[in-house]
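Chain residues, written in single-letter form:
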Amino acid sequence: MTEIATPGQLRMSYLRWALVTVPAIVLVGSLMGILSNSGYDNRWFAALDRPAIVPPGWVFGVVWTSLYTMLGLALAMVLHARGAKGRGFALLLFFVQLVANFAWSPLFFGLHQVTTALYLIIFILMLTIATTFAFAAIRKAAAWLLVPYMVWLSFAAILNFQIDQRNPDAETLVPTAASTQI
């Protein structure tokens, strides 16, 4: 036997990574949304003047679960590519954009910082573009898994921008959870 690992063993290694990365990213992303009270049940969000292109609430849950699953699969592919040139930098870019992504909901829905959230989502999009190029050098499939995420981030940035433009007083519409008095 001249092979270090069989193709089956390599697939199992990738699957083990995916069994960790996908649930972890979906779980943390969901928790950030829940903890920041994101969505249509949020009194502040309901009080905003929202553009007509804002999708129904259920769309966000379906889309984000799908996107977080794809992010987890892409991450597993790159984690599995041990020894690949540029892997460390690609992972650094990925984790920085992911932490920024997880910070967006608390910033927008929790703290009502619409303008700052717009800057953050533009930053996330730029990092994701860089991550996609870095992933492409390691695993083309991992890069392609980030494309729907970039499309959604672009759409979300447009929504964020329109909400910012239509609600110049968004920060003061409804008190933040931290400033609510009993």
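All figures in this text were calculated on a predicted structure; none of them were measured in a lab.

Student: Help me out: how do you make sense of the overall build of the chain in this one?
Tutor: Scanning the chain for helices and strands turns up six helices and zero strands. When each of the 182 residues of the chain is scored for burial, the buried share is 43%. At a minimum sequence separation of 6, the contacts of the chain that also span at least 24 residues come to 79%.

Student: Teacher, can you tell me more about the layout of surface pockets here?
Tutor: One simple way to see leftover space: roll a probe sized like a water molecule over the atoms. Considering only enclosed or pocket space, the largest pocket measures out at about 630 Å³ in volume. Going through the elements one at a time, helix H1 (7–35), helix H3 (57–80), helix H4 (87–110), helix H5 (114–136) and helix H6 (140–166) are the ones with two or more residues in the lining of the largest pocket. Grouping the constituent residues of the lining of the largest pocket by class yields 18 nonpolar, 11 polar and no charged.

Student: I tried to follow a nonpolar patch on the surface on my own but got confused; where do I start?
Tutor: A cluster of nonpolar side chains, namely Phe89, Leu92, Val96, Tyr119, Ile122, Phe123 and Met126, defines an oily patch on the protein surface of about 720 Å² accessible area. Looking at the nonpolar patch, the elements that each hand over two or more residues are H4 and H5. For the nonpolar patch, the element with the highest residue contribution is H5, accounting for four residues. Mapped onto the secondary structure, Met126 falls in helix H5.

Student: What should I look at first to understand the packing of aromatic side chains in this one?
Tutor: Both the distance between ring centres and the angle between the ring planes are used here to describe each pair of aromatic rings. For the structure shown, the criterion picks out 14 aromatic pairs. Arranged with centres 5.8 Å apart and planes meeting at 80°, the rings of Phe60 and Trp152 form a pair that is edge-to-face. Of this pair, Phe60 sits in helix H3 while Trp152 is found in helix H6, placing the two residues 92 residues apart along the sequence. We classify Phe60 as partly exposed; its relative accessible area is 24%. Ring geometry for Phe108 and Phe109: centres 4.9 Å apart, planes at 75°, overall edge-to-face. Phe109 gets classed as buried once you look at its relative accessible area, which sits at 10%. Among the aromatic residues, those joined into a cluster by ring pairs are Tyr40, Trp44, Phe45, Trp104, Phe108 and Phe109. Over the aromatic face of Phe45 sits the side chain of Arg50, whose NZ or CZ is 4.9 Å from the ring centroid.

Student: Just checking my understanding: could you explain unusual backbone geometry for this structure?
Tutor: A negative phi angle characterises most non-glycine residues, just as the trans form characterises most peptide bonds. One non-glycine residue, Asn37, lies in the positive phi region at around 60°. Examined against the element boundaries, Asn37 turns out to sit in the loop between H1 and helix H2 (43–47). Notably, His112 is not glycine yet its phi reads approximately 65°, a positive angle. Relative to the helices and strands, His112 resides in the loop between H4 and H5. Of the residues examined, His112 reaches a relative accessible area of 3% and is grouped as buried.

Student: Which parts of the structure should I look at to understand the packing of H4 against H5?
Tutor: The geometry of a pair of packed helices is captured by two quantities: the angle between their axes and the separation between those axes. Axis separation between H4 and H5 bottoms out at 9 Å; the angle between their running directions is 160°. Between H4 and H5, the crossing angle belongs to the class labelled roughly antiparallel. For the element pair H4 and H5, the recorded crossing hand is left-handed. Residues that form the contact of H4 with H5 fall into these classes: 19 nonpolar, five polar and no charged.

Rules and cut-offs
- Residues numbered from 1 in each chain as written.
- Predicted model: local features only at pLDDT ≥ 70, side-chain atom pairs only at ≥ 80, totals over all residues.
- Heavy atoms only, no water.
- Helix = DSSP H or I, 4+ residues; strand = E, 2+ residues; numbered from the N terminus.
- Buried < 20%, exposed > 50% of the residue type's maximum accessible area, 1.4 Å probe, protein only.
- Contact = heavy atoms within 4.5 Å.
- 1 Å grid on protein atoms, 1.4 Å probe; cavity = no way out; pocket = protein on both sides within 12 Å on 5 of 7 lines; lining within 4 Å.
- Points joined across faces, edges and corners; volume = space filled by probe spheres on them.
- Nonpolar A, V, L, I, M, F, W, Y, C, P; charged D, E, K, R; others polar.
- Patch = residues over 30% accessible without salt bridge, like charges linked within 9 Å, V, L, I, M, F, W, Y side chains within 5 Å.
- Areas by Shrake-Rupley, 256 points an atom, 1.4 Å probe, with all protein chains shown as cover.
- Salt bridge = Lys/Arg side-chain N within 4 Å of Asp/Glu carboxyl O.
- Phe/Tyr/Trp six-rings, centres within 6.5 Å; stacked < 30°, edge-to-face > 60°.
- Lys NZ or Arg CZ within 6 Å of the ring centre and 35° of its normal.
- Axes fitted to C-alpha atoms, helices over the stretch in contact; angles between N-to-C directions.
- Parallel < 35°, antiparallel > 145°, perpendicular 65-115°, else oblique.
- Left-handed = near helix turned anticlockwise from the far one by under 90°.

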